[in-house]
Amino acid sequence: MTRAASPPLARILGAVETTPRTPAELARELGSSEDALSGMLATLHAGGYVQEAMPEQGACACGPCALKSLCRNADSPAPALPLLRLTPRGAAYLARQART
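Residues numbered from 1 in each chain as written. Predicted model: local features only at pLDDT ≥ 70, side-chain atom pairs only at ≥ 80, totals over all residues. Heavy atoms only, no water.

> Help me get a handle on helix α2 (residues 23-30), residues and values and all.
Listed in full, the buried residues belonging to α2 are E25, L26, A27 and L30. Where α2 is buried, its residues contact α1 (8-15), α3 (34-46) and β4 (84-86). (Buried < 20%, exposed > 50% of the residue type's maximum accessible area, 1.4 Å probe, protein only. Helix = DSSP H or I, 4+ residues; strand = E, 2+ residues; numbered from the N terminus. Contact = heavy atoms within 4.5 Å.)

> How would you explain the side chain of T87 if you had to name every residue and give the values?
Among the structural elements, T87 can be located in the loop between β4 and α4 (88-99). Under the relative-accessibility criterion, T87 is labelled buried at 8%. Looking at T87, its side chain comes within polar contact range of the main-chain oxygen of G48, at 2.4 Å. Among all residues touching T87, those that are not within four sequence positions of it are G48, Y49, V50 and Q51. (Polar contact = N/O pair within 3.5 Å; in protein donor to acceptor, adjacent residues only side chain to side chain.)

> Could you give an account of α3, with specific residues and numbers?
For α3, built from 13 residues, the straight-helix expectation of 18 Å at 1.5 Å per residue is met to within 8% by its first-to-last C-alpha distance of 18 Å. Of all the positions in α3, only L37, L41 and L44 are classed as buried. The inward-facing, buried residues of α3 contact α1, α2, β1 (50-52) and β4. With its phi angle positive at about 85°, G48 sits one or two positions after the end of α3. (Expected span 1.5 Å × (residues − 1).)

> Lay out the pattern of salt bridges in plain terms, naming residues and giving numbers.
A side chain of one charge can pair with a side chain of the opposite charge when the charged atoms of the two come close. In this structure the tally under the stated criterion is one salt bridge. Between R21 and E29 there is a salt bridge whose closest N-O contact spans 3.1 Å. On the basis of relative accessibility, which here comes to 43%, the residue E29 falls in the partly exposed class. (Salt bridge = Lys/Arg side-chain N within 4 Å of Asp/Glu carboxyl O.)

> Describe the environment of Q51, with residues and values.
By secondary structure assignment, the location of Q51 is in strand β1. C-alpha separation for the pair Q51 and P20, spaced 31 residues apart in sequence, amounts to 9.6 Å.

> I'd like a rundown of the packing of aromatic side chains, residues and numbers included.
Describing an aromatic ring pair means giving the distance of the ring centres and the angle of the ring planes. Applying the stated criterion across every chain yields a total of one aromatic pair. Measuring from centroid to centroid gives 5.8 Å for Y49 and Y93, while their planes differ by 75°, and the two rings are edge-to-face. Of the two residues, Y49 is situated in the loop between α3 and β1 and Y93 in helix α4; the sequence distance between them amounts to 44 residues. Per residue, the accessibility class of Y49 equals that of Y93, and both read buried. (Phe/Tyr/Trp six-rings, centres within 6.5 Å; stacked < 30°, edge-to-face > 60°.)

Function cannot be read off these values alone, since they describe shape.
So, in structure tokens, the structure goes:
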């Protein structure tokens, strides 16, 4: 028996699991448009599965994390990009999907 394809929301979560990404980057990686992803990203954000990874003055808005060295917004003189990162709730969802 073959394993079913991942649900669309799990594919999005998997894409931001290790590296924060902008909506445009996600659209390119997933072969979609930003418009098509916007509703799913809003759902994931509202549900607490992803959050914005944007700097505040002197620190990241997402707090200390292991991804700070990968985050293009951390300590950058360039304007902040709207990056999305996985939350603990999103990571738990992906772990459940991997077990099914």
